[in-house]
Amino acid sequence: MKNLLFALFLCLFATQIHAQASTKTDQQHRVINKQTVEIACGECQFKMKGKDCELAVRIEGKPYFVDGKGIDDFGDAHGKHGFCNAVSKAEVTGEIVNNRFKAKEIKLLTKGK
């Protein structure tokens with residue numbers, strides 16, 4: 001009887017640990033669908049730590065480096081209106097995975113939008 005109660009207690013405890021771990025994973029993975037965000041160089045404009053000028057987006061106040069698109073894919077990053085010198089707006093679709101934005105689509109918006 002003691003062994004049965006111990007096994008039951010152990011199963012309940014293991015279930016609680018597993019439930020808490022999945023909540024943390026859900027926070028690290030988030031789908032973004034056609035959301036308007038700020039886009040610029042993560043180091044130059046968003047003051048992120050990195051090795052080089054790298055494209056980043058700021059979603060709801062938090063910056064994320066971008067995977068799948070490069071900083072020079074939209075023109076010269078160091079030009080007058082480039083991402084290293086100015087923050088722009090973009091409509092993005094993708095996922096946040098492990099604190100990085102995995103871009104499926106990035107559409108720059110004009111200043112009038």
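Above this text is the structure in question.
To start, this report covers the structure provided alongside it. Here the structure is a predicted model, which means the values were calculated and not measured.

### Digging into the overall build of the protein
(1) Moving on: Helix and strand content of the protein: 1 helix and 5 strands.
(2) Moving on: Ordered by position from the N terminus, the helices and strands of the protein form the series α-β-β-β-β-β.
(3) Moving on: Burial statistics for the protein: of 113 residues in total, 28% are counted as buried.
(4) Moving on: For the protein, the exposed area adds up to about 8000 Å²; of that, 55% sits on carbon and sulfur atoms.

### What to know about unusual backbone geometry
(1) Moving on: The backbone of Lys34 sits at a positive phi, close to 50°, despite the residue not being glycine.
(2) Moving on: Its place among the elements puts Lys34 in strand β1 (residues 29-41).
(3) Moving on: Accessibility expressed as a relative area gives 54% for Lys34, which makes it exposed.
(4) Moving on: The residue Asn98 is not glycine, and still its phi comes out positive at about 50°.
(5) Moving on: Positionally, Asn98 belongs in the loop between β4 (88-97) and β5 (100-108).

### Some points on the packing of aromatic side chains
We describe a pair of aromatic rings using the distance from one ring centre to the other and the angle between the two ring planes.
(1) Moving on: As enumerated under the stated definition, the model contains 1 aromatic pair in all.
(2) Moving on: Aromatic pair Phe74 and Phe83: ring centres 5.8 Å apart, planes at 70°, arrangement edge-to-face.
(3) Moving on: Given the relative accessible area of 29%, Phe74 is considered partly exposed.
(4) Moving on: The exposure class assigned to Phe83 is buried, which follows from its relative accessible area of 6%.

### A closer look at the sheet that holds β4
(1) Moving on: Read around the barrel, 5 strands follow the order β1-β2-β3-β5-β4 and close on themselves; strand pairing throughout is mixed. Between one strand axis and the next, the sheet turns through 50° on average, direction left out of account.
(2) Moving on: Judged from the 8 bridges that link them, β4 and β5 form a sheet pairing that is antiparallel. Bridge pairing in β5 links Val97 to Arg100.

### A short note on the pairing of strand β2 (residues 55-59)
(1) Moving on: Buried residues dominate β2, accounting for 4 of its 5 residues.
(2) Moving on: Alignment of β1 against β2, held across 4 bridges, turns out to be antiparallel. Directly across from Ala40, in β2, lies its bridge partner Ala56.
(3) Moving on: The antiparallel hairpin formed by β2 and strand β3 (residues 62-67) contains 2 residues in its connecting segment, where Glu60 sits at a positive phi of about 50°.

### Some details on the layout of surface pockets
(1) Moving on: Approximately 210 Å³ is the volume found for the largest pocket.
(2) Moving on: Surrounding the largest pocket, 15 residues form its lining, His81, Gly82, Phe83, Ser88 and Leu108 being those nearest its centre.
(3) Moving on: Considering only residue class, the lining of the largest pocket consists of 7 nonpolar, 5 polar and 3 charged.

### Quick look at the pairing of β1
Walk down a regular strand and you will see the side chains alternate between the two sheet faces.
(1) Moving on: By the bridge criterion, 9 bridges tie β1 to β4 in an arrangement that is antiparallel. Pairing of His29 across the sheet is with Val97, part of β4.

Thresholds, definitions, all that
- Residues numbered from 1 in each chain as written.
- Predicted model: local features only at pLDDT ≥ 70, side-chain atom pairs only at ≥ 80, totals over all residues.
- Heavy atoms only, no water.
- Helix = DSSP H or I, 4+ residues; strand = E, 2+ residues; numbered from the N terminus.
- Buried < 20%, exposed > 50% of the residue type's maximum accessible area, 1.4 Å probe, protein only.
- Areas by Shrake-Rupley, 256 points an atom, 1.4 Å probe, with all protein chains shown as cover.
- Phe/Tyr/Trp six-rings, centres within 6.5 Å; stacked < 30°, edge-to-face > 60°.
- Pairing = 2+ DSSP bridges.
- Axes fitted to C-alpha atoms, helices over the stretch in contact; angles between N-to-C directions.
- 1 Å grid on protein atoms, 1.4 Å probe; cavity = no way out; pocket = protein on both sides within 12 Å on 5 of 7 lines; lining within 4 Å.
- Points joined across faces, edges and corners; volume = space filled by probe spheres on them.
- Nonpolar A, V, L, I, M, F, W, Y, C, P; charged D, E, K, R; others polar.

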